[in-house]
Amino acid sequence: MCAAEQAHQWILCPQCDLTVKLPAIPVGSRARCPRCHTTLTANWHEPRRRPTGYACAALFMLVLANLFPFISMHVAGLSSQIALTDIPQVMVSEDYRSLATLFLLFVQAIPACAMVMIILLVNPIRLPHRVRLGMARILFHVRSWGMAEIFMAGVLVSFVKLMAYGEIGLGTSFWPWCLFCLLQLRAFQCVDRRWVWQRIDALPALPHQPKAGISGVKQGLRSCPCCTAVLPAHQAVCPRCGVTAQARRRHSLQWTLALLLTSLILYVPSNILPIMVTETLGSAYPSNIMAGVILLWGDGSWPVALVIFIASIMVPSLKMLAIGWLCWHASGRGRFDGERMHVVYEVVEFVGRWSMIDVFVIAVLSALVRMGRLMSVYPAPGALLFALVVILTMFAAMTFDPRLIWDRQKETASEEPRFDGQPSRDC
């Protein structure tokens, strides 16, 4: 067996650092870590055609969604209609260029660029090697920052708020946008990181024969966080992708706690200051997040009020508490409970960005509700502060190294392959 084939059989779990030997994975199955159950790799049906088809269709739907009116509103004989391109323009006109930038970046630019990179990477298109390396290094990092589906949820919440004031109409581009949200998620799901990197360059040879069932760091090994290559723990630069890293993220807990503290400082004013101002018949009514929840509850829209309360108040608060708990546990305090803490980490990593729903609700309302002195909605400083809180907590979760959770576990080496192959029909 050649060195490249032998290296392809071994992987270090990116979440718990367990050394796993991979047997041949049947088509349509996923390999999962036997300790933390993280998906290590998947053998997809038609690994080129499926992501290419989904990505091309998603880009086509995105173009259609930006060409036509998105939603409209009719109140007391007055009408207002917006396209997706109008939302950042309105925020720029109100001197909220920062919110307009976040909208363009998270909702449109990052998902669109990710679809283009998927098409270029999974297909045998001639590109300079450095360009392919750069795109592969970027693609899997930007996945968490694409928020098209979160914006869609914000639009649906906006509908419920606006139905109390007038009639809401769906524009031509509404349905293409819904399809874009689904297709771009599916395109990402069909791309396997190890498969992509294998098409770019072969895995480097193993420094020595690993032992299954033991953490890589205890064998003098580390995993490249970008291309999953197994490297010597002392080797800082990956020879395959060029990414510089260590066996554990340097100063992980310090960076996480610093970002957490900054988000806590901003969280207080973001809930006190108004996030939007509603102007009705010449009178301005500023409201913060909690006031909006109370208003919706009082109007009988308690399901939407509950969604906003959970996404904008409960989730950020619990997320900050959970990150602090993870740091406390990873520092070596408390009773070891790796499985429970890993579940906490996965929940924190998944739900954090959904708190942006309220920011996108404000973006939609500010662009659509423009009816002069009868009724208008404007963003307020609290919206930007709240967006910064969400972004900082996302960075805090990313800088936290989940492998620190498992470093205290006592392990027994096993020469037998540790493989959890779960047949998956969506592969």
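Residues numbered from 1 in each chain as written. Predicted model: local features only at pLDDT ≥ 70, side-chain atom pairs only at ≥ 80, totals over all residues. Heavy atoms only, no water.

- Per an unreviewed UniProt entry, the protein chain is named Membrane integrity-associated transporter subunit PqiA, and its organism is Pantoea eucrina.
- Quoted verbatim from the Subcellular location (unreviewed entry) heading of the UniProt record, the comment on the protein chain is "Cell inner membrane".
- Recorded in UniProt under Sequence similarities (unreviewed entry), the annotation for the protein chain is "Belongs to the PqiA family." (UniProt positions renumbered as here; feature names shortened; annotations may be inferred.)

Quick look at the overall build of the protein chain
Turning to step 1, where the next piece is worked out: A count of helical and extended segments in the protein chain gives 15 helices and 14 strands.
Turning to step 2, where the next piece is worked out: By the compact-globule yardstick of 22 Å for 427 residues, the protein chain fits well, its C-alpha radius of gyration being 24 Å.
Turning to step 3, where the next piece is worked out: C-alpha extents for the protein chain along the principal axes are approximately 75 × 50 × 35 Å.
Turning to step 4, where the next piece is worked out: Counting all 427 residues of the protein chain, 53% fall into the buried class.
Turning to step 5, where the next piece is worked out: The long-range share in the protein chain, meaning contacts at least 24 apart out of those at least 6 apart in sequence, stands at 73%.
Turning to step 6, where the next piece is worked out: Element-wise, carbon and sulfur atoms account for 64% of the exposed surface of the protein chain, whose accessible area totals about 19100 Å².
Turning to step 7, where the next piece is worked out: Of the charged side chains in the protein chain, 37 are positive and 24 negative, and the gap between their average positions amounts to 7 Å. (Helix = DSSP H or I, 4+ residues; strand = E, 2+ residues; numbered from the N terminus. Rg over C-alpha atoms; globule rule 2.2 N^0.38 Å. Buried < 20%, exposed > 50% of the residue type's maximum accessible area, 1.4 Å probe, protein only. Contact = heavy atoms within 4.5 Å. Areas by Shrake-Rupley, 256 points an atom, 1.4 Å probe, with all protein chains shown as cover. Lys, Arg positive; Asp, Glu negative; His and termini not counted. Charge placed at Lys NZ, Arg CZ, Asp CG, Glu CD.)

Overview of the pattern of salt bridges
Turning to step 1, where the next piece is worked out: The full count for this structure, using the stated rule, is 6 salt bridges.
Turning to step 2, where the next piece is worked out: A salt bridge links arginine 248 to aspartate 407; the nearest nitrogen and oxygen atoms lie 2.8 Å apart. Separated by 159 residues along the polypeptide, arginine 248 in the loop between strand 9 (230-232) and helix 9 (252-272) and aspartate 407 in the loop between helix 15 (403-406) and strand 14 (420-423) bring together distant segments of the chain.
Turning to step 3, where the next piece is worked out: Residue classification places aspartate 407 among the partly exposed positions, given a relative accessible area of 28%.
Turning to step 4, where the next piece is worked out: Salt-bridge contacts for aspartate 401 lead to arginine 403; the nearest nitrogen and oxygen are separated by 2.9 Å. In this pair, the class of aspartate 401 matches that of arginine 403, namely buried. (Salt bridge = Lys/Arg side-chain N within 4 Å of Asp/Glu carboxyl O.)

Let's talk about the sheet that holds strand 6 (residues 78-82)
Turning to step 1, where the next piece is worked out: Pairing is antiparallel in the open sheet, where 3 strands are placed in the order 6-5-7. The open sheet has two edge strands, strand 6 and strand 7 (167-170), and neither has a second partner. With strand direction ignored, the average angle separating the axes of adjacent strands in the sheet is 15°. (Pairing = 2+ DSSP bridges. Axes fitted to C-alpha atoms, helices over the stretch in contact; angles between N-to-C directions.)

Considerations on the packing of aromatic side chains
Turning to step 1, where the next piece is worked out: In total, this model carries 11 aromatic pairs according to the counting rule given.
Turning to step 2, where the next piece is worked out: Relative to tryptophan 175, the ring of phenylalanine 174 lies with its centre 5.0 Å away and its plane at 85°, an arrangement referred to as edge-to-face.
Turning to step 3, where the next piece is worked out: Here tryptophan 175 falls in the exposed class, since its relative accessible area comes to 51%. (Phe/Tyr/Trp six-rings, centres within 6.5 Å; stacked < 30°, edge-to-face > 60°.)

Structural notes on the UniProt feature "transmembrane region" (unreviewed entry) in the protein chain
Turning to step 1, where the next piece is worked out: The feature "transmembrane region" (unreviewed entry), as given by UniProt, occupies residues 54-76, 96-122, 142-162, 257-277, 304-329, 350-369 and 381-400 in the numbering adopted here.
Turning to step 2, where the next piece is worked out: Helix makes up 70% of residues 350-369 and strand 0%, with an end-to-end C-alpha separation of 32 Å.

Things to note about a nonpolar patch on the surface
Turning to step 1, where the next piece is worked out: A contiguous nonpolar surface patch, about 740 Å² in accessible area, is contributed by Trp297, Trp302, Leu306, Ile310, Met314, Leu318 and Leu321.
Turning to step 2, where the next piece is worked out: For the nonpolar patch, the element with the highest residue contribution is helix 11 (residues 302-330), accounting for 6 residues.
Turning to step 3, where the next piece is worked out: Note on placement: leucine 321 falls in helix 11.
Turning to step 4, where the next piece is worked out: Residue classification places leucine 321 among the exposed residues on the basis of a relative accessible area of 62%. (Patch = residues over 30% accessible without salt bridge, like charges linked within 9 Å, V, L, I, M, F, W, Y side chains within 5 Å.)

Regarding unusual backbone geometry
Turning to step 1, where the next piece is worked out: Even without glycine at this site, histidine 37 takes up a positive phi of about 65°.
Turning to step 2, where the next piece is worked out: Relative to the helices and strands, histidine 37 is located in the loop between strand 3 (29-32) and strand 4 (39-43).
Turning to step 3, where the next piece is worked out: The phi torsion at threonine 228 lies on the positive side, around 70°, for a residue other than glycine.
Turning to step 4, where the next piece is worked out: Given the relative accessible area of 13%, threonine 228 is considered buried.

Comments concerning the environment of glutamine 189
Turning to step 1, where the next piece is worked out: By the secondary structure assignment, glutamine 189 is in helix 7 (residues 174-189).
Turning to step 2, where the next piece is worked out: With a relative accessible area of 28%, glutamine 189 lands in the partly exposed category.
Turning to step 3, where the next piece is worked out: Distance in space between the C-alpha atoms of glutamine 189 and proline 51 is 8.2 Å, their sequence separation being 138 residues.
Turning to step 4, where the next piece is worked out: One polar contact links glutamine 189 to arginine 186, side chain to side chain, over a distance of 2.5 Å. (Polar contact = N/O pair within 3.5 Å; in protein donor to acceptor, adjacent residues only side chain to side chain.)

Here we look at the side chain of aspartate 401
Turning to step 1, where the next piece is worked out: Relative to the assigned elements, aspartate 401 resides in the loop between helix 14 (381-399) and helix 15.
Turning to step 2, where the next piece is worked out: One polar contact links the side chain of aspartate 401 to the main-chain amide nitrogen of arginine 249, over a distance of 2.9 Å.
Turning to step 3, where the next piece is worked out: Other than its neighbours up to four places away in sequence, aspartate 401 contacts Arg248, Arg249 and Ser252.

Brief notes about helix 4 (residues 97-122)
Turning to step 1, where the next piece is worked out: Look at helix 4: 36 Å from first C-alpha to last across 26 residues, which is about the 38 Å you get at 1.5 Å a residue.
Turning to step 2, where the next piece is worked out: Of all the bends in helix 4, the greatest, near 40°, is centred on leucine 105. (Expected span 1.5 Å × (residues − 1). Bend = angle between axes of the 7 residues up to and from the residue.)

Thoughts on the packing of helix 5 (residues 129-142) against helix 8 (residues 193-200)
Turning to step 1, where the next piece is worked out: Closest axis-to-axis distance for the helix 5/helix 8 pair is 11 Å, and the angle between their directions is 170°. Between helix 5 and helix 8, the crossing angle belongs to the class labelled roughly antiparallel. Taking contact as the criterion, the partners of His129, Arg132, Leu133, Ala136, Arg137 and Phe140 in helix 5 are, on helix 8, Arg193, Val196, Trp197 and Ile200.
Turning to step 2, where the next piece is worked out: Broken down by class, the residue content of the contact of helix 5 with helix 8 amounts to 6 nonpolar, 1 polar and 3 charged. (Parallel < 35°, antiparallel > 145°, perpendicular 65-115°, else oblique. Nonpolar A, V, L, I, M, F, W, Y, C, P; charged D, E, K, R; others polar.)

Examining the side chain of arginine 194
Turning to step 1, where the next piece is worked out: Within the fold, arginine 194 resides in helix 8.
Turning to step 2, where the next piece is worked out: Look at arginine 194: it is buried, it has no salt bridge, and the nearest opposite charge is aspartate 192 at 5.9 Å.
Turning to step 3, where the next piece is worked out: At a separation of 3.3 Å, a polar atom in the side chain of arginine 194 contacts the side chain of threonine 228.
Turning to step 4, where the next piece is worked out: When neighbours within four sequence positions are excluded, arginine 194 is seen to be in contact with Ala7, His8, Trp10, Ile11, Leu22, Leu40, Thr41, Leu203 and Thr228.

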